[in-house]
Amino acid sequence: MTGSDMGMKARRAVVLLSGGLDSATVLAIARAKGFELYALSFSYGQRHVWELEAAGRVAAAIGVVQHRVAKIDLRIFGGSALTDEIDVPKGRSTDEMAQGIPITYVPARNTIFLSFALAWAEVLEASDIFIGVNALDYSGYPDCRPEFIEAFEKMANRATKAGVEGRQRLKIHTPLIALSKAEIIRKGMELGVDYALTSSCYDPSETGEPCGECDSCLLRLKGFRENGIDDPLNYRRAVGAS
């Protein structure tokens, strides 16, 4: 950072923070880029509500100006194993995960989340939003793909008063979009992320213990294994992903 940069006020960024491995890494990346951090989490009726506890821990550890939790209830629509009385798939191979869009997909979730982030960014006079979407080691969700992010960014710049008045040129940052889970973990460790604070499981116990068998757990375990290190979380059952 140059002397002139240090004299400038830090740019504000809204960072979507679920409390999982990916979003914790994104928060650390935004911090490393020098942004003033405003973390946004969601209580949306998810069965893995324990992730909100993790989000609070991560926000405190990495350091944010504000951490807000927006309350919306996507259970009124259902249609997902995360918001409805539908079993979370367990024990699937990576090949199985690559086939189609799984029942853990929550309809329009990232569209909804990014809309909330857009609203807060306008109030904060911020032009930067960070989101931890990933198009490699993920479960096939359509709202984690580059074409979705590009379309939303284009729409967002036409959707706000600040945008049409030329006071905001919104940029949606997706620093993980082309990284494998192993690469994400490696990046986070370089930035000092404490992954023991995070929660990735779709179906944790009441005390937050991850199941070790859902897609999210298996992809996470695979990422740590490919780095030759142990995941710091204690799993109810650790099943290797093929």
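For the structure itself, look to the data block above.
A brief report on the enclosed structure follows. (Residues numbered from 1 in each chain as written. Predicted model: local features only at pLDDT ≥ 70, side-chain atom pairs only at ≥ 80, totals over all residues. Heavy atoms only, no water.)

Regarding the overall build of the protein
The helix and strand tally for the protein stands at nine helices and five strands. Listing each helix as α and each strand as β along the protein from the N terminus yields α-β-α-β-α-β-α-α-β-α-α-β-α-α. Relative to its length of 242 residues, the protein is compact, with a C-alpha radius of gyration of 18 Å against a globular reference of 18 Å. Seen through its C-alpha atoms, the protein measures out along the principal axes to roughly 50 × 40 × 30 Å. Here the protein holds 242 residues, and 50% of them are scored as buried. Partitioning the intrachain contacts of the protein with sequence separation of at least 6 by distance along the chain shows that 74% fall at a separation of at least 24. Only carbon and sulfur atoms are counted for the fraction: they give 50% of the accessible area of the protein, which is about 11400 Å². (Helix = DSSP H or I, 4+ residues; strand = E, 2+ residues; numbered from the N terminus. Rg over C-alpha atoms; globule rule 2.2 N^0.38 Å. Buried < 20%, exposed > 50% of the residue type's maximum accessible area, 1.4 Å probe, protein only. Contact = heavy atoms within 4.5 Å. Areas by Shrake-Rupley, 256 points an atom, 1.4 Å probe, with all protein chains shown as cover.)

A closer look at helix H6 (residues 146–156)
When H6 is considered as a whole, its buried residues turn out to be Phe148, Ile149, Phe152 and Ala156. All buried residues of H6 fall inside an arc of 95° around its axis, so they share one side. More than 90 degrees from the buried face of H6, the exposed residues found are Glu147, Glu150 and Lys154. Buried residues along H6 sit in contact with helix H5 (109–124) and strand S5 (171–173). (Arc of directions from axis to C-beta.)

Structural notes on the nonpolar core
As a rule of thumb, soluble globular proteins bury nonpolar side chains together. Counting 41 residues, the largest nonpolar core has Val14, Leu16, Leu40, Phe42, Tyr44 and Leu114 as its most contacted members. Contributing elements (two or more residues each) for this core: strand S1 (12–16), strand S2 (36–43), H5, H6 and helix H9 (215–226). Among the elements that line this core, the one with the most residues is H5, at seven residues. When neighbours within four sequence positions are excluded, Leu114 is seen to be in contact with Leu16, Ile129, Ile131, Phe148, Ile149, Phe152 and Ile172. Core analysis: the second largest hydrophobic core is formed by 24 residues, Ala13, Leu17, Ala55 and Ala59 among them. (Core = buried A, V, L, I, M, F, W, Y, C linked by side-chain atoms within 4.5 Å.)

Details of the sheet that holds S2
Pairing is parallel across the open sheet formed by five strands, whose spatial order is S3-S2-S1-S4-S5. Two strands bound the open sheet, and with one partner strand each, they are strand S3 (66–71) and S5. Within the sheet, the average angular offset between the axes of one strand and its neighbour, ignoring direction, is 25°. Pairing analysis gives five bridges linking S1 to S2, with the strands arranged parallel. The residue of S2 that forms the bridge with Leu16 is Leu40. Here helix H2 (residues 21–32) sits on the sheet in contact with S1, S2 and strand S4 (128–130), set at roughly 170° to S1. (Pairing = 2+ DSSP bridges. Axes fitted to C-alpha atoms, helices over the stretch in contact; angles between N-to-C directions.)

Some thoughts on the environment of Gly20
Counting through the fold element by element, Gly20 comes out in the loop between S1 and H2. Taking the relative accessible area as the measure of exposure, Gly20 reaches 8% and is therefore buried. Taking the C-alpha atoms as reference, Gly20 lies 9.9 Å from Arg220; in sequence the two are 200 residues apart. The contact partners of Gly20, leaving out residues within four places of it in the chain, are Thr198, Ser199 and Ser200.

Some remarks on the packing of H2 against helix H3 (residues 50–62)
Two numbers describe how H2 lies on H3: the axes approach to 10 Å, and their chain directions differ by 20°. Overall, the two elements H2 and H3 adopt an arrangement that is roughly parallel. As for how H2 packs across H3, the hand of that crossing is right-handed. Residues Ala24, Leu27, Ala28 and Arg31 of H2 touch H3, and the partners they reach there are Val58, Ala59, Ala61 and Ile62. Its residues assigned to classes, the contact of H2 with H3 comprises seven nonpolar, no polar and one charged. (Parallel < 35°, antiparallel > 145°, perpendicular 65-115°, else oblique. Left-handed = near helix turned anticlockwise from the far one by under 90°. Nonpolar A, V, L, I, M, F, W, Y, C, P; charged D, E, K, R; others polar.)

Quick look at helix H8 (residues 181–190)
Among the residues of H8, those classed as buried are Lys181, Ala182, Ile184, Ile185 and Gly188. When H8 is viewed along its axis, its buried side chains cluster within an angular range of 160° and face the same direction. Contacts made by the buried residues of H8 are with H2 and H9. Count one or two residues on from H8 and you reach Gly192, which has phi positive near 80°.

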